[in-house]
Amino acid sequence: MHHILCGLAANPALSSELVDRLISMADDEIATHLAYRADLSRAQAVALAERVEESAVHLAYEGRLTAADVDPSVRPDAALALLDRGAGRPEWARLLAADPVLERREKLAACPGLPSDVVDTLAVDPDVRVVAELALWTTSEVAARLAAHPHAEVRRAVAGNEATPPAVLAALVTGEGLPAARRCLVCDRRETPFVHDPHCPRLDCDLPPGASCDGTHESTVHDVRQAALRNPATPVEAVVGFVNHPSMLLRWALATRQDLPRPACAQLASDPTAGIRADLAENPAIDDALIRVLAGDRDPDVRRSLAHHPRVPLDVLTHLARTAKIGSTLLPRIATSSPTEVEELAASPEPAARMLVAQRRDLPPEIRNRLADDPDAKVVKALAPHPGLTEAQLRAMVDRHGVRVVAKVATNPDASPALLEDLVQHEPAVQKVFREVARHRSATASALLVCLTDEQASPVAAGHPAVPPPVLVELLADPDGQVGEAAAANPSLPPAVMSDLVDLALTAGARQDASPVRVLSAKAVEDDVHQRPCR
């Protein structure tokens, strides 16, 4: 019944006394659920951290543990979490900078606001991974200093740090003004020349696929350039020359930059790699002329990305809606459309245009009502979750379009309990309806009992507060552990049942074969336990 205890640990209705008792028996999984409780007191947080040390990190990040609650020599990982939040003590950083565990020094190097002496210590750490982590997150001054580090891996991290001064980033791209790197991860581990097998079978190998070094550290130098090209702080004049570079990865790094001049964007728009053109298509830097060029791209991913451009003209967007699989999403250009544009889209003779605007959830009532009567099922499906629709309108949608819209109608926040009951009985059945009704706030016990017969919807339905308590008790013994856990986490589970379950765990050592239903006391549930439908 371990999954039952995990569910109880997450149950918002669990009493403080029972939380204390669960803490006293918690393992890693139970502690994880307890640590996320919104009502966990500081005393309980401290007790939980003492019981399961791994939970202390989460509790520290959530502010449940403070510096007064943590001894860095006993719980160094929790101390690191507090330092990462800026809530630790400077002396902790000095202690952890000498920690023999590499991963802790790496974590420390990424923490903000470190004392200058700690930064100096980490900058000369014997393991280059620590120095590289510092270089990635440190201040402008320290990043500039580390740009000349003899190890190329540190320079790669500096190139990705947006605090690095622009002039230093430009030097990392060109290599001018910096001494040549003397080491990289490849020549640290292998005799050169060496090219790492992209499909290396060694489980203990940590070299990147395809990494190579012939003495010039070429793969890491390439990575340094790629990081700098992606860095928005790198001056545009230092990067535009790479639009024709033989390396696809370097050209790709430019596609998302928003400071590229039009000729560079035009060059990327004709790049042979579709992924580069797709990233460029979403880039706010491209102008209308280039948008129209990309709208005719042969690759559907490029056209799909272009539909997400914030300034795509509406006529282009309507065309894209017909030719690209955009999906049921509110596009940025539609979200910012003016009232006049909304009216034009809603009145368009093109169903694709009406479908786009139907994704908005703030339509004026007259437009919403007009689209509710649309003859095109795709338009109605997009509109069905819109708040403010009446029960009559929602039922009319189902009557006209049936299985094509029924699942979306079930997501409408204003769907009535009676409508939801009818939707789960719809013929032919639509499986997704059961999942949507199971999570709907207005779902009734009757509708939920039907949802419990569906394998995919039953874990969701078991957590709905409208499930009758007697049914919840039966669900605790469901062969699907997810269903039992959801029932145990349901706030409608009777308090006496929760208490009995904790008693069972304490007295029986939470045996895996113990049936939670058999041991529940009769006072916990009504005598007329309802039998739920067979699954």
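Residues numbered from 1 in each chain as written. Predicted model: local features only at pLDDT ≥ 70, side-chain atom pairs only at ≥ 80, totals over all residues. Heavy atoms only, no water.

Chemist: I'd like a rundown of the overall build of the protein, residues and numbers included.
Modeler: Each helix and strand counted, the protein has 35 helices and 2 strands in total. Considered along the principal axes of its C-alpha atoms, the protein spans approximately 85 × 70 × 40 Å. Out of the 535 residues in the protein, the part that is buried amounts to 50%. For the protein, the share of sequence-separated contacts (at least 6 apart) that also reach a separation of at least 24 residues comes to 49%. Accessible area of the protein: about 24300 Å², with a carbon and sulfur share of 54%. In the protein, 55 positive and 74 negative side-chain charges are present, and the distance between their average locations comes to 4 Å. (Helix = DSSP H or I, 4+ residues; strand = E, 2+ residues; numbered from the N terminus. Buried < 20%, exposed > 50% of the residue type's maximum accessible area, 1.4 Å probe, protein only. Contact = heavy atoms within 4.5 Å. Areas by Shrake-Rupley, 256 points an atom, 1.4 Å probe, with all protein chains shown as cover. Lys, Arg positive; Asp, Glu negative; His and termini not counted. Charge placed at Lys NZ, Arg CZ, Asp CG, Glu CD.)

Chemist: Requested: an account of the state of the cysteines, with residues and values cited.
Modeler: Applying the stated rule across the entire model yields 0 disulfides. Looking at the unpaired Cys184, the closest cysteine sulfur is the one in Cys187, lying at 3.7 Å. Given a relative accessible area of 0%, Cys184 falls into the buried group. Here Cys213 stays free of any disulfide, with the sulfur of Cys184 as its closest cysteine sulfur at 3.8 Å. (Disulfide = S-S within 2.5 Å.)

Chemist: Quick one: what's the story with the pattern of salt bridges, residue by residue and with numbers?
Modeler: Tallying each qualifying case throughout the model produces 27 salt bridges. For Asp99, the salt bridge is made with Arg104, and the minimal N-O distance between the two is 3.6 Å. Given a relative accessible area of 10%, Asp99 falls into the buried group. Classification of Arg104 by relative accessible area gives partly exposed; the value is 21%. A salt bridge links Arg395 to Glu391; its shortest N-O distance comes to 2.9 Å. On the criterion of helical spacing, the pair formed by Arg395 and Glu391 is a turn pair, its members being 4 residues apart in helix H27 (residues 391-401). (Salt bridge = Lys/Arg side-chain N within 4 Å of Asp/Glu carboxyl O.)

Chemist: Any chance you could break down the environment of Ala372 for me, citing the residues and the numbers?
Modeler: Counting through the fold element by element, Ala372 comes out in helix H25 (residues 365-372). For Ala372, the residues in contact, after removing those within four places along its chain, are Val380, Leu383, Leu389, Gln393, Met397 and Arg400.

Chemist: Now, about helix H19 (residues 288-295): what can you tell me, with residues and values included?
Modeler: By the burial criterion, the buried members of H19 are Leu290, Ile291, Leu294 and Ala295. Buried residues of H19, seen end-on, are gathered within an arc of 145 degrees and therefore sit on one face of the element. On its buried face, H19 is in contact with helix H17 (262-269), helix H18 (274-281), helix H20 (300-307) and helix H21 (314-323). (Arc of directions from axis to C-beta.)

Chemist: Give me the lowdown on a negative patch on the surface, citing residues and values where you can.
Modeler: On the surface, Asp27, Asp28, Glu29, Glu53 and Glu54 cluster together into a patch of negative charge. Here Glu54 shows up in the loop between helix H4 (42-51) and helix H5 (55-61). Owing to a relative accessible area of 56%, Glu54 belongs among the exposed residues under this scheme. (Patch = residues over 30% accessible without salt bridge, like charges linked within 9 Å, V, L, I, M, F, W, Y side chains within 5 Å.)

Chemist: How would you summarise the nonpolar core if you had to cite specific residues and measurements?
Modeler: Of all hydrophobic cores here, the largest spans 174 residues; its most connected members are Leu8, Leu108 and Met397. Once residues within four sequence positions are removed from consideration, Leu108 is found in contact with Leu80, Leu83, Ala93, Leu96, Ala97, Leu114, Val118 and Leu122. (Core = buried A, V, L, I, M, F, W, Y, C linked by side-chain atoms within 4.5 Å.)

Chemist: Help me get a handle on the packing of helix H23 (residues 339-346) against H25, residues and values and all.
Modeler: Working note: a packed helix pair is described by the angle between its axes plus the distance between those axes. One can describe the packing of H23 onto H25 by two numbers: an axis separation of 11 Å at closest approach and a directional angle of 15 degrees. Looking at the two axes, H23 sits roughly parallel to H25. Crossing handedness for the pair H23 and H25: left-handed. Contacts between H23 and H25 involve Val342, Glu343 and Ala346 from the former and Ile367, Arg370 and Leu371 from the latter. Looking at the contact of H23 with H25, its residues break down into 4 nonpolar, no polar and 2 charged. (Axes fitted to C-alpha atoms, helices over the stretch in contact; angles between N-to-C directions. Parallel < 35°, antiparallel > 145°, perpendicular 65-115°, else oblique. Left-handed = near helix turned anticlockwise from the far one by under 90°. Nonpolar A, V, L, I, M, F, W, Y, C, P; charged D, E, K, R; others polar.)

Chemist: Account for the environment of Leu185, with residues named and values stated.
Modeler: As for its position among the elements, Leu185 is in helix H14 (residues 185-189). Note on Leu185: relative accessible area 14%, which makes it buried. Put simply, Leu185 and Ala60 are 125 residues apart on the chain and 34 Å apart in space, counted from C-alpha to C-alpha. Sequence-distant contacts of Leu185, that is, excluding residues within four places in its chain, are made with Val128, His151, Glu153 and Leu207.

Chemist: Got a sec to walk through unusual backbone geometry? Specific residues and values, please.
Modeler: Cis geometry is found at the peptide bond from Glu427 to Pro428, where omega equals 0 degrees. Along the chain, Pro428 falls in the loop between helix H29 (417-423) and helix H30 (431-438).

Chemist: Describe in detail the side chain of Asp478, supporting the description with residues and values.
Modeler: Inspection of the secondary structure assignment puts Asp478 in the loop between helix H33 (469-475) and helix H34 (481-488). Here Asp480 takes part through its backbone nitrogen, which lies 2.8 Å from a polar atom of the side chain of Asp478. (Polar contact = N/O pair within 3.5 Å; in protein donor to acceptor, adjacent residues only side chain to side chain.)

Chemist: Please provide a residue-by-residue account of the confidence of the model for the protein, values included.
Modeler: In the predicted model, the protein carries a mean pLDDT of 92, and 95% of its residues have values of at least 70. Note that pLDDT drops below 50 for residues 510-514; the model gives that stretch 9 contacts with residues more than four away or on any other chain. In the predicted structure, residues 521-535 sits below a pLDDT of 50 and forms 32 contacts with residues beyond four places in sequence or in another chain. (pLDDT = per-residue confidence, 0-100.)

Chemist: So what's going on with the packing of helix H12 (residues 152-160) against helix H15 (residues 218-230)? Which residues, and what values?
Modeler: Interhelical geometry of H12 versus H15 gives an angle of 10 degrees and a closest axis separation of 7 Å. By the criterion of interaxial angle, the relationship of H12 to H15 is roughly parallel. Together, Ala152, Glu153, Arg155, Arg156, Ala159 and Gly160 of H12 and Thr220, Asp223, Val224, Ala227 and Ala228 of H15 make up the contact between the two elements. Looking at the contact of H12 with H15 residue by residue, the classes come out as 5 nonpolar, 2 polar and 4 charged.

Chemist: Quick one: what's the story with the environment of Pro115, residue by residue and with numbers?
Modeler: With respect to the helices and strands, the residue Pro115 is situated in the loop between helix H8 (102-109) and helix H9 (116-123). Look at Pro115 and you get buried, because its relative accessible area is 17%. For the pair Pro115 and Leu475, spaced 360 residues apart in sequence, the C-alpha to C-alpha distance is 55 Å. If we skip the residues at most four places from it in the chain, Pro115 touches Pro90, Ala93 and Arg94.

Chemist: Lay out the side chain of His440 with the relevant residues and their values.
Modeler: Relative to the helices and strands, His440 resides in the loop between H30 and helix H31 (445-451). What makes His440 buried here is its relative accessible area of 6%. At 3.0 Å, the side chain of His440 forms a polar contact with the backbone nitrogen of Ser442. Residues within four places of His440 in sequence aside, it is in contact with Ala410, Thr411, Asn412, Pro413, Ala415, Leu420 and His464.

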